[in-house]
Each structure stands twice: as structure tokens, then as C-alpha cells.
Amino acid sequence: MKISHIEHIGIAVPNLEEAIKYYETVLGLKCYKQEVVEDQKVTTAFFQVGDTKIELLEATCPESTIAKFIEKNGGRGGMHHMAFAVEDGVANALEEVQEKGVKVIDKAPRGGADGLQIAFLHPKSTEAVLTELCEDPRKK
Ligand code: ZN
């Protein structure tokens, strides 16, 4: 696979509004989009930082993986995952990593936030960092 850049860093937050306030008033970034991703039971907020985005993730219900992450983390948020942009397609990359024995969470690409096709690799196979591969179908 060919990774072009870090597409985004996903950060779990207990309170999206407070988190946005920090990124905007302290770091001077601008939230350009908020989006509910029903599939993942999260509300996301995005900031562009060079080629990379910061993706804030707030749970929409207690069953959300983000809610569980925050609970495990003592009620605090924190870095949740790292997403790499792959140039030759998520499906190809998934096939390649599985041939290398990597455990995956998604066996096929699915729709993610911000119009991307995404798939998650299992942290057991990725040095403990939840890793997302993504591609922008609009950039083909
Ligand atoms: Zn993500």
C-alpha cells in the first residue's frame, strides 16, 4: 500500500462544544464541519491542519465505542485513533495487510465521516494504536 499522509487524528472528547472552544480559542483553528455518523454513534467536528485533519469525536449514546473509550479512560477523552490516507484504495490495502497477518476490524471499506471510505485495523496488530485507513472517493 502507499500512504500519502496522515489524513486525520481522531480524538475522543466527553463534551464536543467545550473541545471545539479549546481548538478555536486557544489553538486558533476553525471548525469547518460537524457531522453525526449514525453508524459509529458519534458526532464529529473537523479542523484542517495542513494536510491533516483533527477529528473530534463525541458519543451520541452510551453504546458508542467512544463512550466506552472515555469510560475506560476515567471519564476523560484522549487520542483515539490515527488515520492514514492510502492512494491505491482501502480495499487493496485491507487485502494486503490481511495477507501479512494483521487483524482487522473492518473486512471491507465502509462509509465514514467527511465522505471518506474507511476501514479500521485492530490495535492488537498495530502496536496498540487504533489505525484507520481511508481514501477520498472524490479525489480519484
Ligand atoms: Zn477517523
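Just so we're clear, the structure is a prediction, and the values are computed from it rather than from any experiment.

**Details of the coordination of the zinc ion**
Taken together, the protein donors to the zinc ion comprise H8 (NE2), E55 (OE), H81 (NE2) and E132 (OE), at separations of 2.0 to 2.6 Å. Taken together, the four donor atoms coordinating the zinc ion span angles of 84 to 169° at the metal, a pattern that classifies the geometry as irregular. Spacing between the donor residues of the zinc ion along the chain follows H-x46-E-x25-H-x50-E. Of the two residues, H81 is situated in strand β5 (residues 78-86) and E132 in strand β8 (residues 131-135); the sequence distance between them amounts to 51 residues. The residues H81 and E132 share a single accessibility class, namely buried.

**Thoughts on helix α2 (residues 65-72)**
Since the α-helix packs 3.6 residues into each turn, any two residues three or four apart lie on the same face. Burial in α2 covers these residues: I66, A67 and I70. Projection of α2 onto a plane perpendicular to its axis shows the buried side chains occupying an angular sector of 100°, all on one side. Residues of α2 that are exposed and angled more than 90 degrees away from the buried face: T65, E71 and K72. For α2, the secondary structure elements touched by its buried residues are β1 (3-12), β3 (42-49), β4 (52-59) and β5. The N-capping residue of α2, defined by a side-chain oxygen 3.1 Å from the backbone nitrogen of I66, is S64. Directly after α2, the chain includes G74, whose backbone phi takes a positive value near 70°.

Criteria and cut-off values
- Residues numbered from 1 in each chain as written.
- Predicted model: local features only at pLDDT ≥ 70, side-chain atom pairs only at ≥ 80, totals over all residues.
- Heavy atoms only, no water.
- Donors = N, O, S within 2.8 Å, 3.2 Å for Na, K, Ca; no water.
- Tetrahedral: all angles 85-135°; square planar, octahedral: opposite > 155°, others 65-115°.
- Helix = DSSP H or I, 4+ residues; strand = E, 2+ residues; numbered from the N terminus.
- Buried < 20%, exposed > 50% of the residue type's maximum accessible area, 1.4 Å probe, protein only.
- Arc of directions from axis to C-beta.
- Contact = heavy atoms within 4.5 Å.
- Polar contact = N/O pair within 3.5 Å; in protein donor to acceptor, adjacent residues only side chain to side chain.

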